[in-house]
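Summary of structural features
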Amino acid sequence: MDNDFVLYVEDDDDLRKVVVELVTAVLERRCVGVGSYEELVALGDQAFRSGLAILDINLGANRRSGIDAYAWLRNKGYRGRIVFLTGHASMHPLVVEAQRVGDAEIFSKPIESDRLLSIVEGTRA
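Residues numbered from 1 in each chain as written. Predicted model: local features only at pLDDT ≥ 70, side-chain atom pairs only at ≥ 80, totals over all residues. Heavy atoms only, no water.

Some points on the pattern of salt bridges
Taken as a whole and judged by the stated rule, the model has six salt bridges. Of the charged contacts, one joins aspartate 13 and arginine 16 as a salt bridge, the two residues approaching to 2.7 Å between their closest N and O atoms. Of this pair, aspartate 13 and arginine 16 both sit in helix H1 (residues 13-27), three residues apart, which is roughly one turn of that helix. Taking relative accessible area as the criterion, aspartate 13 reaches 41% and is therefore assigned partly exposed. (Salt bridge = Lys/Arg side-chain N within 4 Å of Asp/Glu carboxyl O. Helix = DSSP H or I, 4+ residues; strand = E, 2+ residues; numbered from the N terminus. Buried < 20%, exposed > 50% of the residue type's maximum accessible area, 1.4 Å probe, protein only.)

If you want it as structure tokens, here you go:
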């Protein structure tokens, strides 16, 4: 596992680009952003070398969710920290399901850049 590598799964192209640039520029950490569950799976072994995976809970209508991404990572042996981001209310079915996961934190979007950076910094070795 490479603790300086951050994995970010977000379906909003603009938000994904901003977060990748923020983490890279401010914290000088490598950040790989993908837009879907399928793109995550396509990363293969590369995905498991990160120390932190930040997953948007809802990756779009009629698409696999961040919870599916979480399950794929854990089922394949991923041992890094996983954080969910959501723009939905706490009673939304996907958020309720994410709360049941137990070993992942959930943060609301929009998230302030300082808060996001502190989440990422918390994974640095």
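More follows now that the structure is in view.
Focus on the packing of aromatic side chains
For the structure on display, the rule yields two aromatic pairs. Ring geometry for tyrosine 70 versus phenylalanine 84: centroids 5.9 Å apart, planes at 40°, classification tilted. Of this pair, tyrosine 70 sits in helix H3 (residues 66-75) while phenylalanine 84 is found in strand S4 (residues 81-86), placing the two residues 14 residues apart along the sequence. Both residues of the pair, tyrosine 70 and phenylalanine 84, belong to the buried class. (Phe/Tyr/Trp six-rings, centres within 6.5 Å; stacked < 30°, edge-to-face > 60°.)

Some points on the side chain of serine 65
When you line up the elements, serine 65 lands in the loop between strand S3 (50-56) and H3. Relative accessible area serves as the criterion here: at 9%, serine 65 is assigned to the buried category. Ignoring any residue separated from it by four or fewer positions in sequence, one finds serine 65 in contact with Ile57, Leu59 and Leu94. (Contact = heavy atoms within 4.5 Å.)

Looking at the nonpolar core
Residues Leu40, Leu55, Leu73, Ile82 and Phe84 are the most contacted members of the largest nonpolar core, which totals 22 residues. Sorting the residues of this core by element identifies strand S1 (2-9), helix H2 (37-43), S3, H3, S4 and helix H4 (93-101) as the ones contributing at least two each. It is H3 that contributes the most residues to this core, five residues altogether. Filtering out sequence-adjacent residues up to four positions away, phenylalanine 84 remains in contact with Leu55, Ile57, Gly66, Ile67, Tyr70, Ala98, Val101, Ala104, Glu105, Ile106 and Phe107. Ranked by size, the runner-up nonpolar core spans 16 residues in total, among them Val23, Leu116, Ile119 and Val120. (Core = buried A, V, L, I, M, F, W, Y, C linked by side-chain atoms within 4.5 Å.)

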